[in-house]
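The lines below spell out each chain.
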Amino acid sequence: MGFARTCSVALVGVEGVVVEVQADLEPGVAAFTLVGLPDKSLTESRDRVRAAVVNSGAEWPQKKLTVGLSPASVPKAGSGFDLAVACAVMGASERIDPRVLADIVMIGELGLDGRVRPVRGILPAVLAAADAGYEQVVVPECAAAEASLVPGVSVLGVRSLRQLIAVLTDEPVPDEEPDDGRPDPLMAGLRMPGVGAATGMHGVGAAHPHDHGHDLADVVGQLSARTAVEVAAAGGHHLFLEGPPGAGKTMLAERLPAILPTLSRQESLEVTAVHSVAGLLPAGKPLVDVPPYCAPHHSATMQALVGGGQGIARPGAVSLAHRGVLFLDETPEFSGQALDALRQPLEAGHVVIARSAGVVRFPAKFLMVLAANPCPCGRFSQRDDLCECPSAAIRRYQARLSGPLLDRVDLRVEVDRVTRSELTERGARGESTAVVADRVRAARERAAARLADTPWRTNSEVPGRELRSRWFAAPGAMDEAERGLERGALTARGLDRVLRVAWTIADLVGHDRPDALDVGLALQLRTGVPRGVPMAIGALS
């Protein structure tokens with residue numbers, strides 16, 4: 001009787017559980033039994049592993065073989081256990097010393113010819129192994145760079161099972177045939193077909209700073225909207241842009257990621273883990289270090305937005321936009337169920353999805369930008385009568401955005417129609433992305449210094465009770481906002497959000513604490529009601 005064990009990792013969302021892969025050989029009729037709550041793709045590994053072992057030059061044991069995945073109560077999905085199963089079987093048949101395998105975590109799928117192909121979720125799997133105290137990890141060669149992002153772990157990248165056997169038995173490592181320059185068909189399994197298109201993901205691997213293809217200076221006019229975009233980036237505040245078609249709402253949203261600061265090391269690992277699980281990591285760039293931009297189509301379902309799917313849930317748009325921007329264009333056209341599902345991630349910064357296969361938790365701390373037309377035809381305005389929509393149709397269209405959802409949006413700006421003079425005027429470009437990004441970075445640094453001893457890093461994260469009890473505005477600065485609360489124009493949550501925005505404006509301007517002008521601009525950006533406050537950040541300093 002032979003026995004051997006090694007380890008692999010089962011992913012539940014973006015969190016990993018180290019699984020012990022045990023192989024036991026007993027005398028009897030040759031059979032291969034796999035136990036431990038495997039899914040369909042893992043059950044099929046019996047045939048893949050047998051063919052890979054034989055085609056790698058090793059002998060398949062002709063005995064009763066039982067492979068157990070422990071803990072048995074954790075659902076196991078995917079083909080990433082193939083490598084560990086193959087090595088455990090060869091350890092039980094004494095082709096490999098079982099003592100060598102015990103403390104190694106192995107992740108990878110096997111082709112029938114013995115090649116080791118990559119799987120999704122390498123980074124979170126290696127993070128889970130490191131947290132469990134393992135120091136040696138074996139991964140596919142093309143995923144070694146991603147696995148090496150985790151400090152304190154020795155990573156071995158192998159191209160084939162034959163190479164791994166040679167390394168573990170101290171035999172000469174065979175040379176594999178070099179690639180012929182064509183795309184590797186094994187890499188196709190890393191990407192889930194259609195995921196990028198369905199969620200509106202693009203530019204994840206784009207170079208930053210600063211995306212010269214999307215410069216703020218290209219936006220004509222729109223001083224109020226440009227100020228709102230800058231405030232949103234500096235404090236992490238959600239933004240609602242309302243205006244006619246062609247006014248520049250999408251242009252402003254596309255330029256928002258470029259003025260956000262680059263991600264810290266911890267934030268980059270969080271974002272990379274989500275995109276690795278989703279199969280959206282760009283080729284040749286294992287670490288996502290710029291804020292992602294996700295713009296799903298208005299026909300997206302609730303599962304596409306918050307996550308879901310059959311079996312173990314996959315991350316949705318809110319998680320793919322983690323630490324970046326989620327842009328919902330034509331927001332009233334989204335289903336009400338999908339929009340209401342955004343309330344939990346907006347408040348909690350994560351989303352919890354319950355399915356029959358288990359409960360998963362995905363991070364979802366994003367900056368949301370909503371864009372909408374004022375009416376079905378898009379031409380409704382208080383200044384002219386170009387709109388032909390009945391008043392009842394306008395009310396129904398605007399009512400598609402629920403009050404509870406809009407109450408969680410800090411900034412609401414009306415984007416005006418661009419005039420002929422603004423469009424044809426020469427030499428009147430606004431500030432560039434680089435200039436605004438520098439101001440945003442300085443504001444973020446001021447906020448981080450003020451919040452250094454707290455669990456928060458941006459003004460939008462600070463609870464209202466802390467703002468009211470620890471960081472005070474200038475005397476009398478909040479009088480107008482408090483009168484709005486008494487009149488019912490602001491809710492208690494709305495008052496807290498005005499104070500958060502005022503602190504962000506103060507950080508942009510360089511004030512020690514918000515004054516009456518800062519709060520006035522915050523109120524104007526929150527309610528959309530003009531209050532005679534200069535809209536340019538430079539005019540407040």
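Rules used throughout
- Residues numbered from 1 in each chain as written.
- Predicted model: local features only at pLDDT ≥ 70, side-chain atom pairs only at ≥ 80, totals over all residues.
- Heavy atoms only, no water.
- Helix = DSSP H or I, 4+ residues; strand = E, 2+ residues; numbered from the N terminus.
- Buried < 20%, exposed > 50% of the residue type's maximum accessible area, 1.4 Å probe, protein only.
- Contact = heavy atoms within 4.5 Å.
- Areas by Shrake-Rupley, 256 points an atom, 1.4 Å probe, with all protein chains shown as cover.
- Lys, Arg positive; Asp, Glu negative; His and termini not counted.
- Charge placed at Lys NZ, Arg CZ, Asp CG, Glu CD.
- Salt bridge = Lys/Arg side-chain N within 4 Å of Asp/Glu carboxyl O.
- Phe/Tyr/Trp six-rings, centres within 6.5 Å; stacked < 30°, edge-to-face > 60°.
- Arc of directions from axis to C-beta.
- Pairing = 2+ DSSP bridges.
- pLDDT = per-residue confidence, 0-100.
- Expected span 1.5 Å × (residues − 1).
- Axes fitted to C-alpha atoms, helices over the stretch in contact; angles between N-to-C directions.
- Parallel < 35°, antiparallel > 145°, perpendicular 65-115°, else oblique.
- Left-handed = near helix turned anticlockwise from the far one by under 90°.
- Nonpolar A, V, L, I, M, F, W, Y, C, P; charged D, E, K, R; others polar.
- Core = buried A, V, L, I, M, F, W, Y, C linked by side-chain atoms within 4.5 Å.

A count of helical and extended segments in the protein chain gives 23 helices and 16 strands. In terms of overall dimensions, the protein chain has a C-alpha envelope of 85 × 50 × 45 Å along the principal axes. In the protein chain, which comprises 541 residues, the proportion classed as buried is 51%. Pairs at least 24 apart in sequence give 72% of the contacts found in the protein chain among residues at least 6 apart. Per element, the accessible surface of the protein chain, about 23800 Å² overall, is 51% carbon and sulfur. Distance from the positive charge centre (56 side chains) to the negative charge centre (64 side chains) of the protein chain: 5 Å.

A word on the pattern of salt bridges. Tallied over the entire structure, the rule returns 28 salt bridges. In this structure, Arg439 and Glu431 form a salt bridge, with 2.7 Å as the shortest nitrogen-oxygen distance. Relative accessible area serves as the criterion here: at 36%, Glu431 is assigned to the partly exposed category. Ionic contacts of the salt-bridge type, sharing partners, join the residues Glu347, Asp407, Arg408, Asp410, Arg493, Arg497 and Arg526 into one network.

Under the counting rule described, the total for this entry stands at 2 aromatic pairs. A centroid spacing of 5.6 Å and a plane angle of 45° characterise the contact between Phe32 and Trp60, whose relative ring orientation is tilted. Here Phe32, found in strand S3 (residues 31–35), pairs with Trp60, found in the loop between helix H2 (45–55) and strand S4 (64–70); they are 28 residues apart in sequence, far enough to count as distant. Pair check on accessibility: Phe32 and Trp60 agree, each one buried.

Every buried residue belonging to H2 is among Ser45, Arg48, Val49, Ala52 and Val53, and all of these are buried. Considered in projection along H2, the buried side chains sweep an arc of 125° and stay on one side of the axis. Against S3, helix H1 (40–43), helix H3 (82–92), strand S6 (109–110) and helix H7 (161–168) lie the buried residues of H2. Positive phi shows up at Gly57, right after H2, with a value of about 90°.

A few words on the pairing of strand S8 (residues 136–140). One face of the sheet, then the other: side chains in a regular strand alternate in exactly this way. With respect to burial, S8 is a largely interior element, 4 of its 5 residues being buried. As paired elements, S8 and strand S9 (residues 154–158) share 5 bridges and run parallel to each other. Bridge assignment links Gln136 to a residue of S9, and that residue is Ser154.

For the rest of this paragraph, the subject is the pairing of strand S12 (residues 325–328). Alternating residues of S12 divide into Val325 and Phe327 and Leu326 and Leu328, and every residue in both groups is buried. Here strand S11 (residues 293–294) pairs with S12 via 2 bridges, running parallel. Of the residues in S12, the one forming a bridge with Cys294 is Leu326.

This next bit is on the confidence of the model for the protein chain. For the protein chain, mean pLDDT is 87; residues scoring 70 or higher make up 90% of the total. Of all the helices and strands in the protein chain, helix H8 (residues 195–199) carries the lowest mean pLDDT, 49, while strand S5 (residues 104–106) carries the highest, 97. Ignoring residues within four places in sequence, the model shows residues 192–198, a span with pLDDT below 50, making 9 contacts including any to other chains.

Taking 1.5 Å as the rise per residue, helix H19 (residues 433–450) with 18 residues should run 26 Å; its terminal C-alpha atoms sit 26 Å apart, in good agreement. Restricting attention to buried positions, one finds in H19 the residues Thr433, Val436, Ala437, Val440, Ala443 and Ala447. All buried residues of H19 project into a common sector of 125° when viewed along the axis, lining one side. Check the buried side of H19 and you find it contacts helix H9 (223–235), helix H10 (249–259) and helix H22 (492–509).

Direction vectors running N to C along H9 and H19 enclose 40°, while the axes themselves pass 8 Å from each other. Between H9 and H19, the angle is such that the two are oblique. When the axes of H9 and H19 are compared, the crossing they make is right-handed. Between H9, through Glu230, Ala233 and Ala234, and H19, the contact on the second element is made entirely by Val436, Arg439, Val440, Ala443 and Arg444. A per-class count over the contact of H9 with H19 returns 5 nonpolar, no polar and 3 charged.

This part takes up the nonpolar core. With 57 residues, the main nonpolar core has Leu239 and Val369 as its most contacted residues. Ranked by the residues each element gives to this core, the list is headed by H22, at 9 residues. Among residues more than four places away in sequence, those in contact with Val369 are Leu239, Leu241, Ala253, Leu256, Val325, Leu326, Phe327 and Leu328. Counting 40 residues, the second-largest nonpolar core is a separate cluster that includes Leu25, Ala52, Ala86 and Ile104.

Bringing unusual backbone geometry into the picture now. Residue Pro71 is reached from Ser70 by a cis peptide bond, and omega for that bond is 10°. Here Pro71 lies in the loop between S4 and H3. One non-glycine residue, Asp170, lies in the positive phi region at around 60°. For Asp170, the location among the structural elements is in the loop between H7 and H8. Looking at Asp170, the relative accessible area reads 73%, which means it is exposed. In the Ramachandran plot, Arg323 falls in the positive-phi region, its phi being about 65° despite a non-glycine side chain. Taking the relative accessible area as the measure of exposure, Arg323 reaches 22% and is therefore partly exposed.

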